[in-house]
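Remarks on the overall topology
Read off the chains here:
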Amino acid sequence: MPEKNTYPVQLVQPDGHRVHDRVHAPLVADVDGDRLRAMYSDMVVARRIDTEATALQRQGQLGLWPPLLGQEAAQIGSAHALQPDDYVFASYREAGVALCRGVAPEDMTRLWRGVAHSCWDADAVKMTNPNIVVGSQGLHATGYAYAAHLEGAEIATIAYFGDGATSQGDIAEALGFAASWSAPVVFFCQNNQWAISEPVRVQSATPIARRALGYGIPGVQVDGNDALAVLAVTRQALQHARSGAGPSFIEAITYRMGPHTTADDPTRYRTDAELELWRHRDPIDRLRRLLEREDLWDSAFENEVGERAADVAARLRAATLTMPDPEPMALFEHVYATPHRLIAEERRDYAAYLEGAGR
């Protein structure tokens, strides 16, 4: 018999109307007008951070930037489900999650400007720094979650990655280990339709969430442009993890409206018609329409959000432009936690080079 058709979880339609989902709506029944406004504000600010950082890269102030344009609901909705002690294992695109975890705008571009090995103090906000090695964070999240479980800590971890990362062996290994150990980890795939220049159909001939089933891990698809639905399914998955029931897999179906990074030209592999289709599903517009329908929108709130976004952008720009260049030998600091012979040799050779170059 053919399988029953299933659809991504959705609680808010693109026009702002609510969807009456008897399973998932109760998971966000406590989300009042203030919380909806806070989520909207965070989404607008996340987009403004992205816009400012992209402009800084185009102006030669950053070496690279990975835009999140279009993925604000997936990031903000899931981040609002996290508890302070939960630990986030990020890819390189989660500036919106970093905002919600309390990362200061002044710290968001250090790595991308090339003046430090990292952007922020990971332990202070319980979130790792941007990870360039695609998919490896899945293993880190699984190991941390299992160690926390052994110590009796009632926390969960969440690993963010894109659809392209599901083709990496690291994610497959992480799913296998997590299932075997019942690690309290949530695998959060932001399916933004494109792994650099390859469409998602090249990554998987079946919905990505179904891959988790092969490991004995429950998987769910959610409308990744619906912040409320993302909040609901992420809350559900995190509770599943904290209760000792093991890992879960979320596939948030969204769209990368910008380039893969600022080194990419998406016009070479996708059409304007496709982009226009997803513009009509803009996650920020959707949440705004919900606020308008429920009498939670007014000009005072709009101005307040705009002022907050402008302030964050100004702080990010000012900090980026005034970041001091590090001393060359700082390159070798904080690479390993303990002394390392290879690093010692490289430090010595580089010091000799600098001396010969007249520094």
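Quantities reported herein were computed from a predicted structural model and do not represent experimental measurements.

Turning our attention to the UniProt feature "domain: Dehydrogenase E1 component" (unreviewed entry) in the protein chain. Under the feature "domain: Dehydrogenase E1 component" (unreviewed entry), the UniProt entry names residues 43-309. Taken end to end, residues 43-309 is 46% helix and 12% strand, and its two terminal C-alpha atoms sit 10 Å from one another.

The next subject is the sheet that holds strand β6 (residues 219-223). A sheet is described by the order of its strands in space; here five strands give the open sequence β1-β2-β3-β7-β6, paired in parallel fashion. With partners counted over all chains shown, the strands left at the sheet margins are β1 (87-89) and β6, one partner each. On average, each strand axis in the sheet is tilted by 20 degrees relative to the strand beside it, whichever way the strands run. Judged from the three bridges that link them, β1 and strand β2 (residues 157-162) form a sheet pairing that is parallel. Of the residues in β2, the one forming a bridge with Phe89 is Ala159. Here helix α2 (residues 72-79) sits on the sheet in contact with β2, β3 (185-191) and β7 (248-253), set at roughly 165 degrees to β3.

Okay, empty space enclosed by the protein next. The tally for this structure, following the rule as stated, stands at one cavity of 30 Å³ or more. Looking at the largest cavity, its volume works out to about 120 Å³. What lines the largest cavity is a set of 16 residues, among which Tyr92, Glu94, Ala95, Trp120 and Pro130 lie closest to the centre. Of the residues that constitute the lining of the largest cavity, the class distribution is 11 nonpolar, three polar and two charged.

A few words on the side chain of Ser41. Its place among the elements puts Ser41 in helix α1 (residues 33-58). On the basis of relative accessible area, Ser41 is assigned to the buried category, the value being 9%. With residues near it in sequence (within four places) discarded, Ser41 still touches Val305 and Arg308.

Within the secondary structure, Pro66 sits in the loop between α1 and α2. For Pro66, a relative accessible area of 4% gives the class buried. Pro66 sits 193 residues away from Pro259 along the chain, and the two C-alpha atoms are 7.7 Å apart. Beyond its immediate stretch of four places on either side in the chain, Pro66 contacts Asp50, Tyr92, Arg93, Trp112, His260 and Thr261.

We note that the domain assignment places domain 1 (25-326) and domain 2 (328-358) within the protein chain. Here the C-alpha centre of domain 2 lies 35 Å away from the C-alpha centre of domain 1.

This next bit is on the environment of Thr6. Structurally, the position occupied by Thr6 is in the segment before α1. Each C-alpha atom, one on Thr6 and one on Asp107, is 42 Å from the other, the two residues being 101 residues apart in sequence.

This next bit is on the pairing of β2. In the case of a regular strand, side chains alternate between the two sheet surfaces. The element β2 is largely enclosed, with a buried count of five among its six residues. Alignment of β2 against β3, held across six bridges, turns out to be parallel. The residue of β3 that forms the bridge with Ile158 is Val186. Taking the sense of rotation as the criterion, the β-α-β connection linking β2, helix α7 (residues 169-181) and β3 turns out right-handed.

Attention now moves to the packing of aromatic side chains. For the structure shown, the criterion picks out 15 aromatic pairs. When the centroid spacing of 4.5 Å and the interplanar angle of 25 degrees are considered together, the rings of Tyr146 and Trp181 count as stacked. Taken as a pair, Tyr146 in helix α6 (residues 136-150) and Trp181 in helix α7 lie far apart in primary sequence, 35 residues in all. By relative accessible area, which is 35% here, Trp181 ends up partly exposed. Where Tyr160 meets Phe188, the ring centres are 5.1 Å apart and the plane angle is 55 degrees; that geometry is what we call tilted. With Tyr160 in strand β2 and Phe188 in strand β3, the pair connects residues that are 28 residues apart, well separated along the chain.

What follows covers the packing of α2 against helix α10 (residues 227-242). In the contact formed by α2 and α10, the axes pass within 7 Å of each other and the chain directions differ by 40 degrees. As far as their axial angle goes, α10 and α2 are oblique. Crossing angle aside, the handedness with which α2 passes α10 is right-handed. Taken together, the residues of α10 that come into contact with α2 (itself represented by Ala73, Ala74, Gly77 and Ser78) are Ala227, Val230, Leu231 and Thr234. Partitioning the contact of α2 with α10 into residue classes produces five nonpolar, three polar and no charged.

What counts as what
Residues numbered from 1 in each chain as written. Predicted model: local features only at pLDDT ≥ 70, side-chain atom pairs only at ≥ 80, totals over all residues. Heavy atoms only, no water. UniProt positions renumbered as here; feature names shortened; annotations may be inferred. Helix = DSSP H or I, 4+ residues; strand = E, 2+ residues; numbered from the N terminus. Pairing = 2+ DSSP bridges. Axes fitted to C-alpha atoms, helices over the stretch in contact; angles between N-to-C directions. Contact = heavy atoms within 4.5 Å. 1 Å grid on protein atoms, 1.4 Å probe; cavity = no way out; pocket = protein on both sides within 12 Å on 5 of 7 lines; lining within 4 Å. Points joined across faces, edges and corners; volume = space filled by probe spheres on them. Nonpolar A, V, L, I, M, F, W, Y, C, P; charged D, E, K, R; others polar. Buried < 20%, exposed > 50% of the residue type's maximum accessible area, 1.4 Å probe, protein only. Domains from an automatic or database assignment. Right-handed = clockwise from strand over helix to strand, strands pointing away. Phe/Tyr/Trp six-rings, centres within 6.5 Å; stacked < 30°, edge-to-face > 60°. Parallel < 35°, antiparallel > 145°, perpendicular 65-115°, else oblique. Left-handed = near helix turned anticlockwise from the far one by under 90°.

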